[in-house]
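Residue-level structure breakdown
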Amino acid sequence: MTVAEELPETPETSEEEPLKQRKNGLYPGVSDELAASMQSGWADTELRDLEPIAQAAETAARRAALSARFPGERIVVPAGNLKTRSNDTEYPFRASVEYAYLTGNQTEDGVLVLEPKGEGHRATIYLLPRSDRDNGEFWLSGQGELWVGRRHSLTEAEKLYGIPASDVRELADALREATGPVRVVRGYDAGIEAALTDKVTAERDEELRVVLSEMRLVKDGFEVGELQKAVDSTVRGFEDVVKVLDKAEATSERYVEGTFFLRARVEGNDVGYGTIAAAGPHACTLHWVRNDGPVRSGDLLLLDAGVETHTYYTADVTRTLPVDGRFSEIQKKIYDAVYDAQEAGIAAVKPGAKYRDFHDAAQRVLTERLVRWGLVEGPVERVLELGLQRRWTLHGTGHMLGMDVHDCAAARTESYVEGVLEPGMCLTVEPGLYFQADDLTVPEEYRGIGVRIEDDILVTEDGNRNLSAALPRRSDEVEAWMASLKG
């Protein structure tokens, strides 16, 4: 890729200081004539017919709810900054979940500030304005519009997000002068945190992070729609994979990963997390994301993947598929045990139930099978009390789902793991059995087989809805589905 000359640190010094040059840039400078040429002759591209983003009403309600939790306190929520990948290239930017949840905006360096006013707060979104054409920033800076694309003007941003917008470059100085209690979401913008260093406390900031996490436990209607969109795209991504399993056999797990990624990028923003495309014994590694192993007929492929929508909501679905389309006898035995455990877990998801109930229900089924197969000595209650089944079940049976694949992670334990399910909560149910290739405590025929089945479950007023029900789960249905896609 080509690299650009960079501007001085501040536009005001551009006449006194020479342009910063790349060490090995091909142009030594900019002539006065070229600079003058680049300042003129450009059409007016201001967008004047913009409508508010689809979730503008929801983000406003979220800000109001947050305002009510912290009356009289200034609240600062940064989007975050670009992070260097290597030398002068950056990772793709993804705004902080807290910022995107409250604004709908996704641009780097943005900051939402809720400033106390009367009994509530006045919200302002601080953003980088369009890059300057007078000082050459738009074509000379590596982050100028001709290099990375057009930004919205502040006026456009106000229309889109329904929040007054100001220049973020002025924010740090304003925050240094701020008085009264302040809370900031930490970990995203070191410059903003430095400006507030003498005004915040770790305890207050942690409380803000917890509140924002707990606000996302119950999804509003817009969020449920986005999660369903993410799941629907994910279902199509799984279908894509089944259709090209022969190509994966000829190459590697990377073909599976790449095939799903194409669907995620075409229909969404990205994958919601690193795709797990684990064939054969790799399925026994819970977060196998190297995806560089062989895909062999006769083995199982554990595919754990999710499309992330353009609004950051992600699916999280797992299917364990026989590469050649048919389960062997031992594979089916293990698969059916996991299916039965998942059925028990899903049945336990309902309003008023304890969050732990679905985990306990699934673990009991798996433990009963392990005892029945003679892999662990019963009775079942003893095994569960001692957690002996975990040698082969390993992980919890699910987690909250939303803008993070493991959503609401900062919520208080009493509100999450020890809490009660409510309508609007969305969680995964994903039991598994994993028999490591070197596990000498099980018969050889079990070794190297890993099975997980995962679906995204919405708690409803009268029970639950499986958002990913379009993907077959029962072993015979999986085989028929694969045959229809391959045939």
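Residues numbered from 1 in each chain as written. Predicted model: local features only at pLDDT ≥ 70, side-chain atom pairs only at ≥ 80, totals over all residues. Heavy atoms only, no water.

This paragraph deals with the UniProt feature "domain: Aminopeptidase P N-terminal" (unreviewed entry) in the protein chain. Using the residue numbers shown here, the UniProt feature "domain: Aminopeptidase P N-terminal" (unreviewed entry) corresponds to residues 54-193. The span residues 54-193 carries 34% helix and 22% strand; its end-to-end C-alpha distance comes to 31 Å. (UniProt positions renumbered as here; feature names shortened; annotations may be inferred. Helix = DSSP H or I, 4+ residues; strand = E, 2+ residues; numbered from the N terminus.)

The subject of this paragraph is the nonpolar core. Within the largest apolar cluster, 92 residues are counted, with the highest numbers of intra-cluster contacts made by Leu66, Ile334, Trp373, Leu433 and Phe435. Sorting elements by how many residues they give to this core places helix α10 (residues 221-243) first, with 9 residues. Residues in contact with isoleucine 334, not counting those within four places in the same chain, are Trp373, Leu433, Phe435, Tyr446, Ile449 and Val451. Formed by 17 residues, the second largest nonpolar core is a distinct cluster that contains Val349, Phe358, Met400 and Val429. (Core = buried A, V, L, I, M, F, W, Y, C linked by side-chain atoms within 4.5 Å. Buried < 20%, exposed > 50% of the residue type's maximum accessible area, 1.4 Å probe, protein only. Contact = heavy atoms within 4.5 Å.)

Here we come to the sheet that holds strand β6 (residues 165-167). The strands making up a sheet are joined through hydrogen bonds of the backbone, oriented either antiparallel or parallel. Spatial ordering of the open sheet is given by β6-β5-β4-β1-β7, a layout of 5 strands whose pairing is mixed. One side of each edge strand has no neighbouring strand; the edge strands of this open sheet are β6 and β7 (182-184). Averaged over all pairs of adjacent strands, the angle between strand axes in this sheet comes to 25°, irrespective of strand direction. Relative to strand β4 (residues 111-117), strand β1 (residues 74-78) runs antiparallel, the two sharing 4 bridges. Each residue of the ladder has a partner; that of isoleucine 75, found in β4, is leucine 114. Running over the sheet, helix α6 (residues 154-161) touches β5 (120-127) and β6 and is turned about 150° from β6. Strands in contact with helix α9 (residues 202-215) are β1 and β7; relative to β7, the strand with the most contacts, it is inclined by about 55°. (Pairing = 2+ DSSP bridges. Axes fitted to C-alpha atoms, helices over the stretch in contact; angles between N-to-C directions.)

To continue, consider the packing of aromatic side chains. Overall, the coordinates contain 7 aromatic pairs when judged by the stated rule. Note on tyrosine 355 and phenylalanine 358: the rings are 5.2 Å apart at their centroids and 90° apart in plane angle, and the pair reads as edge-to-face. Ring geometry for phenylalanine 435 against tyrosine 446: centres 5.2 Å apart, planes inclined by 65°, an arrangement best described as edge-to-face. Of this pair, phenylalanine 435 sits in strand β14 (residues 432-435) while tyrosine 446 sits in the loop between β14 and β15 (449-452), placing them 11 residues apart in sequence. There is no split in this pair, since phenylalanine 435 and tyrosine 446 are both buried. Following the ring pairs from residue to residue traces out a cluster consisting of Tyr355, Phe358 and Tyr416. The ring centre of tyrosine 312 lies 4.2 Å from the NZ or CZ of arginine 94, which sits over that ring. In this structure, arginine 133 packs its charged tip against the face of tryptophan 42, placed 4.8 Å from the ring centre. (Phe/Tyr/Trp six-rings, centres within 6.5 Å; stacked < 30°, edge-to-face > 60°. Lys NZ or Arg CZ within 6 Å of the ring centre and 35° of its normal.)

Turning to the side chain of threonine 367, a few remarks are in order. Summarising the element assignment, threonine 367 is placed in helix α14 (residues 357-372). Once you skip the residues sitting within four places of it in the chain, threonine 367 turns out to touch Val380, Val383, Leu384 and Gln389.

A separate point is the pattern of salt bridges. Per the stated rule, a full pass over the model turns up 37 salt bridges. Between arginine 62 and aspartate 220 there is a salt bridge, with the nearest N and O atoms lying 2.9 Å from each other. Taken together, the residues arginine 62 in helix α2 (residues 56-69) and aspartate 220 in the loop between α9 and α10 connect sequence positions 158 residues apart. Accessibility expressed as a relative area gives 23% for aspartate 220, which makes it partly exposed. Here arginine 263 and glutamate 267 are joined by a salt bridge, their closest N and O atoms 2.5 Å apart. Of this pair, arginine 263 and glutamate 267 are both found in helix α12 (residues 253-267), 4 residues apart, which corresponds to roughly one turn of the helix. Taking relative accessible area as the criterion, arginine 263 reaches 21% and is therefore assigned partly exposed. Each of Arg216, Lys219, Asp404 and Asp407 takes part in salt bridges that share partners, so that together they form one network. (Salt bridge = Lys/Arg side-chain N within 4 Å of Asp/Glu carboxyl O.)

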